Amino acid sequence: MAAVPVLALLLLLLAAWDGPGAAGQKRKEMVLSEKVNQLMEWASKRSVIRMNGDKFRRLVKAPPRNYSVIVMFTALQPHRQCVVCKQADEEYQILANSWRYSSAFTNKIFFAMVDFDEGSDVFQMLNMNSAPTFINFPAKGKPKRGDTYELQVRGFAAEQLARWVADRTDVNIRVIRPPNYAGPLMLGLLLAVIGGLVYLRGSNLDFLYNKTGWALAALCFVLAMTSGQMWNHIRGPPYAHKNPHTGQVNYIHGSSQAQFVAETHIVLLFNGGVTLGMVLLHEAATSDMDVGKRKIMCIAGIGLVVLFFSWLLSVFRSKYHGYPYRYVWL
């Protein structure tokens, strides 16, 4: 009979021991539920949730958390003069909207933004000194090295960001861009111009057989493609890079795996200079002009080829480190 009170006492002790743990777990679940509900409410109003320091620490850094948060750290205020930030923000909005309005949308992942002027303390906390920067804060644990997006290598196109998100979170987002009527409008304008010329010229269509015109059009297309314009269209790289410490602006990317938009313009100019020099040399050798003019054209052609090819090779050397050859003085 004495064993009964002892057993009851043990049960009471066990219940008292389990009580705080169960209460703590229940409290965590309540906090987590409140955080998810808050994020879902904000996401229903805006695909990219704007955060300050308090919101970031409470909803992204502090546990508990069973969702991932993709955060764009940026500086969009006009006085910051961050052109790349604005371009990256447009692509980021496209990605977030594609997820928010897809049929697969869940509370597994959220998209957020911290602007420097609204959350400078967050930048200091993360020792961050450049923008834009994309970081994935996973549902469990702290961000790893791969959770920081390689903007300089991949560019900021929404499609590239979506591939990175799928790799880090297993959430596949189909990017849906808003309709862009620029292409059809330009095609329609071109057809209208051609149609107008045909109508005005009547039966005289000799201009369509102008070799010089077609040659110039083909040359412009080749220069645009060889300079990397298609790569820019696909990857969406930044125009240039400004060092936040020194303020120095780099127009040439230091890696052979990436490039800036300004770099393609520079390469296009150099290729155009070399081409012009070769054209002058050809004209100097084949034209019927007097000898003096042909000599001037020859000297100008050689000068253009030497100068612009030297600059072109210097760009190549800056991207392929250790390349042993140079042309003339560069």
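Small disclaimer: the values here were computed from a predicted structure and weren't measured.

**Considering the state of the cysteines**
Phase 1: Enumeration over the complete set of coordinates arrives at one disulfide.
Phase 2: Across the disulfide, C82 is cross-linked to C85 (sulfur-sulfur distance 2.1 Å). Every disulfide takes its handedness from the sign of the S-S torsion; for C82 and C85 that torsion is 70°, giving right-handed.

**Points about helix α3 (residues 83–100)**
Phase 1: Counted at 1.5 Å a residue, the expected span for α3 with its 18 residues is 26 Å, and the 26 Å between its end C-alpha atoms agrees.
Phase 2: Among the residues of α3, those classed as buried are V84, C85, A88, D89, E91, Y92, I94, L95, A96, S98, W99 and R100.

**Some details on the environment of R145**
Phase 1: Relative to the elements of secondary structure, R145 occurs in the loop between β4 (133–137) and α5 (151–154).
Phase 2: Owing to a relative accessible area of 82%, R145 belongs among the exposed residues under this scheme.
Phase 3: C-alpha of R145 to C-alpha of I135: the two residues are ten residues apart in sequence and 9.5 Å apart in space.

**Quick look at unusual backbone geometry**
Leaving glycine aside, a negative phi is the common case for residues, and trans is the common case for peptide bonds.
Phase 1: Residue P63 is joined to P64 through a cis peptide bond whose omega torsion reads 0°.
Phase 2: If you trace the backbone, P64 turns up in the loop between α2 (53–61) and β2 (68–74).
Phase 3: The omega angle of the peptide bond from A131 to P132 is 0°, so this bond is cis rather than trans.
Phase 4: Tracing the backbone shows P132 in the loop between α4 (120–125) and β4.
Phase 5: Despite not being glycine, N127 has its phi angle at roughly 55°, a positive value.
Phase 6: Note that N127 resides in the loop between α4 and β4.
Phase 7: Of note, D170 is a non-glycine position whose phi angle comes to about 65°, a positive value.
Phase 8: Mapped onto the elements, D170 comes out in the loop between α6 (158–169) and α7 (182–201).

**Quick look at the nonpolar core**
Phase 1: By size, the foremost hydrophobic cluster in this structure holds 29 residues, and its most contacted members are L95, F111, F134 and V165.
Phase 2: Every element with two or more residues in this core is listed here: β2, α3, β3 (109–115) and α6.
Phase 3: Looking at this core element by element, the count peaks at eight residues for α3.
Phase 4: Each residue touching F134, except ones within four places of it in the same chain, is listed here: V71, M72, A88, Y92, D147, T148, Y149, L151, L161 and W164.
Phase 5: Counting residues in hydrophobic clusters, the runner-up holds 22 residues, among them L39, Y67, F110 and F123.

**As for the pattern of salt bridges**
Phase 1: For the coordinates displayed, the defined rule picks out nine salt bridges.
Phase 2: The partner of K45 in a salt bridge is E41, with the nearest N and O atoms 3.8 Å apart. Of this pair, K45 and E41 both sit in helix α1 (residues 3–45), separated by four residues, roughly a single helical turn.
Phase 3: Judged by its relative accessible area of 41%, E41 is partly exposed.
Phase 4: For D147, the salt bridge identified is with R168, shortest N-O distance 3.0 Å. Taken as a pair, D147 in the loop between β4 and α5 and R168 in helix α6 lie far apart in primary sequence, 21 residues in all.
Phase 5: The exposure class of D147 is buried, given its relative accessible area of 3%.
Phase 6: It is possible to trace a salt-bridge network through shared partners that takes in D54, R57 and D121.

**Quick word on the sheet that holds β3**
Phase 1: Spatially, β1-β3-β2-β4 is the arrangement adopted by the four strands of the open sheet, whose pairing is mixed. Looking along the sheet, the strands with just one partner apiece sit at the ends: β1 (48–50) and β4. The mean inter-strand angle of the sheet, taken between neighbouring strand axes irrespective of direction, is 30°.
Phase 2: For β2 and β3, the ladder comprises seven bridges, and the chain directions are parallel.

**Brief notes about the side chain of S287**
Phase 1: Within the secondary structure, S287 sits in the loop between α10 (261–286) and α11 (291–319).
Phase 2: Look at S287 and you get buried, because its relative accessible area is 14%.
Phase 3: Only 2.7 Å separates the side chain of S287 from the backbone oxygen of E283, close enough to count as a polar contact.

**Some words on the packing of aromatic side chains**
Phase 1: Considering all chains together, one arrives at 14 aromatic pairs under this definition.
Phase 2: Note on F270 and F308: the rings are 6.1 Å apart at their centroids and 55° apart in plane angle, and the pair reads as tilted. One end of the pair, F270, is in helix α10; the other, F308, is in helix α11, with 38 residues separating them in the sequence.
Phase 3: We classify F270 as buried; its relative accessible area is 10%.
Phase 4: On the basis of relative accessible area, F308 is assigned to the buried category, the value being 13%.
Phase 5: Members of the aromatic cluster, joined through ring pairs, are F56, F73, F116, F123 and F137.
Phase 6: Across the ring face of W42, the terminal group of K55 is positioned such that the distance to the ring centre comes to 4.6 Å.

Cut-off values and rules
- Every chain is numbered independently, its residues counted from 1 as its sequence is written.
- Side-chain atom pairs in this predicted model are given and counted only at pLDDT of 80 or more, local residue features only at pLDDT of at least 70, and totals for whole chains, interfaces and linings cover all residues.
- Values reported for side chains reflect all heavy atoms of the structure, with hydrogen atoms and water molecules removed beforehand.
- Note on terminology: pairs of cysteine sulfur atoms within 2.5 Å are recorded as disulfides.
- Helix numbering and strand numbering both begin at the N terminus, where a helix is a DSSP run of H or I of at least 4 residues and a strand a DSSP run of E of at least 2.
- In a helix, the anticipated span is given by 1.5 Å times the number of residues less one.
- Any residue under 20% of the maximum accessible area for its type is buried, any over 50% is exposed, and the rest in between are partly exposed; the area is computed with a 1.4 Å probe on protein chains only.
- Put simply, buried Ala, Val, Leu, Ile, Met, Phe, Trp, Tyr and Cys residues joined by side-chain atoms within 4.5 Å make one nonpolar core.
- Should any heavy atoms of two residues lie within 4.5 Å, those residues are counted as being in contact.
- When a carboxyl oxygen of Asp or Glu lies within 4 Å of a side-chain nitrogen of Lys or Arg, that pair is called a salt bridge.
- Here, strands pair whenever DSSP counts at least two bridges between them.
- Think of each axis as a best-fit line through the C-alpha atoms, taken over the contacting stretch in the case of a helix, with angles from 0 to 180 degrees between the N-to-C directions.
- The definition of a polar contact used here is a pair of N or O atoms within 3.5 Å, where within protein one atom must be able to donate a hydrogen and the other to accept one, and adjacent residues in sequence count solely through side-chain atom pairs.
- Only rings of Phe, Tyr and Trp enter the pairing, Trp through its six-membered ring, and a pair is recorded when the two centres are within 6.5 Å. The plane angle decides the type: under 30 degrees is stacked, over 60 is edge-to-face, the rest tilted.
- Only Lys NZ and Arg CZ are tested; either one counts as a charge over a ring when it is within 6 Å of the ring centre and within 35 degrees of the ring normal.

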